[in-house]
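Architecture and fold: a report
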Amino acid sequence: MTRTQDTSAICDQISGFLRTSVLDEHVAFSRESRLSELGVDSVSLVELLLFVERRFGIMMPESEMTEENLMSVETLACWVLNSEPQGGP
Amino acid sequence: MRRMDLQGNFCRLVVQLDEPLEKERFRAVLERSSLIGWLSRLHPTRRFPYVSPKWFTSDEHARLIVREHRVDGAVGPDEIHPRGIPEHTLQSTRAPCLMFDLLEHPDDRMIIIMTWHHALMDALGAELLLEHLDRGGDHAGTFHESNATAGSNGFDSTVRSIVDYPRKLLAARRAVRFVTKTSRVPIASLSRSRNRMTTPRSRYQFISFDEAKTERIDAHSGRIGARFHRGLFFLASTIRAFDRVLSRRGEGHGDYVIPVPQNLRKRGGNGPVFSNRITFQFFRIDPQQTRSLRETYHALNVQMVDQLRAGMPQSYVTMMELFRDVPLGLYARLLRGPTKGQLSSFFFAYTGETCAGMDRFLGARVRAIRHIAPVAKPPGVAVVFSRRRGRVCATLSWLEGCFDSPELALFNEVLGRELLEGDEC
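Residues numbered from 1 in each chain as written. Chains lettered and ligands numbered in written order. Predicted model: local features only at pLDDT ≥ 70, side-chain atom pairs only at ≥ 80, totals over all residues. Heavy atoms only, no water.

Some details on the packing of helix H2 (residues 34-41) of chain B against helix H3 (residues 123-134) of chain B
Residue and element names in this part refer to chain B. Two elements in contact, H2 and H3, have axes whose closest approach is 10 Å; the angle formed by their N-to-C orientations is 140 degrees. Relative to H3, the element H2 lies oblique. Residues Leu35, Ile36 and Leu39 of H2 form the contact with H3, whose own contacting residues are Leu129, His132 and Leu133. When its residues are assigned to classes, the contact of H2 with H3 shows 5 nonpolar, 1 polar and no charged. (Axes fitted to C-alpha atoms, helices over the stretch in contact; angles between N-to-C directions. Helix = DSSP H or I, 4+ residues; strand = E, 2+ residues; numbered from the N terminus. Parallel < 35°, antiparallel > 145°, perpendicular 65-115°, else oblique. Contact = heavy atoms within 4.5 Å. Nonpolar A, V, L, I, M, F, W, Y, C, P; charged D, E, K, R; others polar.)

Written out as structure tokens, the structure reads:
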């Protein structure tokens, strides 16, 4: 898979979690939507990061909890991709 | 008639207007709203022991209470009435469980106080109701509501509740163990009296920070590491302020135990209004962890993440469903048992931006919208932080006897300093 495809796949999983577990069904969003403007508050942000931990095996350290990394589904997906172990199967 | 609630379970939302509001227009909106009509006729009743209380609609008590008050004499900008908030006349076991007070001030300011029984709505539900009224009481948009009585009058029976007990007990056991452990004595408390036979008067105080101070608070919370968890930052500051007051008393005190509500609604939606859609997280802070604001915040943050990772909030919901089935007396004993009646150190909530975008209510300019949390005894103290147009504000409510005047002044001084500067001063 290309890096773009990897990011897209991760975006889909994160978006799926947001759709089923966090956001009201009437909320329309894209991977570029600002999470804060969708109503994602501090508790649901932690739940989102715990989902990332469960699904991808990576927990975001406090030092990397920046507005850049947590701005949107896409920026979070990029962080996940960049945080995965280099190389692999 | 059996009592359905513990003492002091009535909440208030205070809407401060800088302009007069046409009272008849307000009454007309209330009368036009089918949601208000439905809510005002609801009341909870438990017909059989060990069966969840049901919501019934009553025609007999369908009269919506709207009281008007004329405030004579000058009052401060954040003051509601020289003699305090008007006492409400609600009872939890009969409709209505919701009422309104309109206070007209001599300088044309008006204050609307919505009072309701806590089981009817939570804080966010009340804000959604206010927004519904501001739209003229119609149901336009994505407003949706559940019918409380349709489902609850149906299937539940004593036999079915008892059969379901083992499943609920298993699902709730994690929360029961956790809450029991977190709430063990000794618990730090400001309440001086354990006498539950008397009901001291409730007092309140509004605390506001302007734009410049809010910027300083937000910058400070970022430096502490609380960029995304402002609620915990406010809680840490509040704990440190309480700690100073208790230290001043010179008495030994236990750990700080604080239950904090968490909204269970899906984010970005427009309802529902009815019922409590919350769970709780429980925090326990050793006074040794309050040596610095950063340390206090970090301890809270770790506990929050651990509870969410363990699925504790959902387990707590199941635990509360279980407790709702037991008779009130047994429920009270179960609740107070582990804590020897203390329950917690204080109640705390951070409700975020209150009624975002509501600069006017039915045409009148809004100055402030604030929640006044119910204060039960014990712990007798509640602190609610919120934002209004981005600016930080808080409401402190307490039962007389929890603070004396010097302690209240000290609490305010320390809280302000912790929020603005904390460890940096």
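Observations concerning the nonpolar core
Residue and element names in this part refer to chain B. By size, the foremost hydrophobic cluster in this structure holds 53 residues, and its most contacted members are Leu235, Phe242, Phe348, Val381, Phe385, Phe403 and Phe411. For this core, the element with the most residues is helix H7 (residues 230-249), which contributes 10 residues. Setting aside chain neighbours within four positions, we find Phe411 in contact with Thr238, Ala241, Phe242, Val245, Val383, Leu396 and Phe403. Core analysis: the next-biggest nonpolar cluster, separate from the first, contains 39 residues, Leu13, Leu35, Ala126 and Leu130 among them. (Core = buried A, V, L, I, M, F, W, Y, C linked by side-chain atoms within 4.5 Å. Buried < 20%, exposed > 50% of the residue type's maximum accessible area, 1.4 Å probe, protein only.)

Some points on the sheet that holds strand E10 (residues 347-353) of chain B
Residue and element names in this part refer to chain B. Read across the open sheet, the 4 strands follow the order E7-E14-E13-E10; overall the sheet is mixed. Among the strands making up the open sheet, the edge pair consists of strand E7 (202-208) and E10. Neighbour to neighbour, the strand axes of the sheet diverge by 15 degrees on average, direction disregarded. With 5 bridges joining them, E10 and strand E13 (residues 381-388) adopt parallel strand pairing. The partner of Phe348 across the bridge, within E13, is Val383. Across the sheet, helix H6 (residues 211-224) touches E13 and strand E14 (391-399), and the angle it forms with E14 is around 90 degrees. (Pairing = 2+ DSSP bridges.)

A closer look at unusual backbone geometry
Following Val185 of chain B, the chain continues into Pro186 of chain B via a peptide bond in cis, with omega recorded as 5 degrees. Among the secondary structure elements, Pro186 of chain B is positioned in the loop between helix H5 (158-182) and E7.

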